[in-house]
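Observations on chain architecture
Spelled out, the chains give:
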Amino acid sequence: MTVKKIEWGQLPTPVRVALAAVAGVDAGLRLWSLVDLARRPDEQVRGPKVAWMGGLIAMNTVGALPAAYLLWGRHAAATDR
């Protein structure tokens, strides 16, 4: 069984727009997460920072891992309380 490969230009415009939007959201969440993680002290991160950093850089999760970090991977800063 062979799978027919479809080129980017062959995709319908709404599909290309949706894929580009998902990629943009993922990139934005990933960048936000990485910047926050780099600036946040170790004691305000749930789990090892190096594990979060490695996962955020290496894993393609369509925004799930950055969202998980932003929602559950960090403690509130003292000024956030």
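Presented here is an overview of the structure given in this document. Computed from a predicted structure; not experimentally measured.

**A few points about the packing of aromatic side chains**
Tallied over the full model, the rule gives one aromatic pair. Ring centres 5.3 Å apart and planes at 65° place the aromatic pair W52 and Y69 in the edge-to-face group. With W52 in helix α2 (residues 49–58) and Y69 in helix α3 (residues 64–72), the pair connects residues that are 17 residues apart, well separated along the chain. Owing to a relative accessible area of 17%, W52 belongs among the buried residues under this scheme.

**Here we look at the packing of α2 against α3**
Across the interface, α2 lies against α3 with an axial gap of 9 Å and an inter-helix angle of 150°. Between α2 and α3, the angle falls in the class roughly antiparallel. Contact residues: W52, G55 and L56 in α2; L65, P66, A68 and Y69 in α3. For the contact of α2 with α3, the residue count by class is six nonpolar, one polar and no charged.

**Quick word on the pattern of salt bridges**
One pass over the structure, following the stated rule, counts four salt bridges. A salt bridge links R40 to D36; its shortest N-O distance comes to 2.9 Å. Overlapping salt bridges, with partners in common, bring together D36, R40 and R74 in one network.

**Observations regarding the nonpolar core**
Core analysis: the largest hydrophobic core is formed by seven residues, namely L37, V45, W52, L56, L65, Y69 and L70. Of all the elements in the fold, those that place two or more residues in this core are α2 and α3. Here this core takes three residues from α3, the largest share from any one element. When near neighbours in sequence (up to four residues on either side) are disregarded, V45 contacts L37, R40, W52, Y69, G73, R74 and H75.

Criteria and thresholds
- Residues numbered from 1 in each chain as written.
- Predicted model: local features only at pLDDT ≥ 70, side-chain atom pairs only at ≥ 80, totals over all residues.
- Heavy atoms only, no water.
- Phe/Tyr/Trp six-rings, centres within 6.5 Å; stacked < 30°, edge-to-face > 60°.
- Helix = DSSP H or I, 4+ residues; strand = E, 2+ residues; numbered from the N terminus.
- Buried < 20%, exposed > 50% of the residue type's maximum accessible area, 1.4 Å probe, protein only.
- Axes fitted to C-alpha atoms, helices over the stretch in contact; angles between N-to-C directions.
- Parallel < 35°, antiparallel > 145°, perpendicular 65-115°, else oblique.
- Contact = heavy atoms within 4.5 Å.
- Nonpolar A, V, L, I, M, F, W, Y, C, P; charged D, E, K, R; others polar.
- Salt bridge = Lys/Arg side-chain N within 4 Å of Asp/Glu carboxyl O.
- Core = buried A, V, L, I, M, F, W, Y, C linked by side-chain atoms within 4.5 Å.

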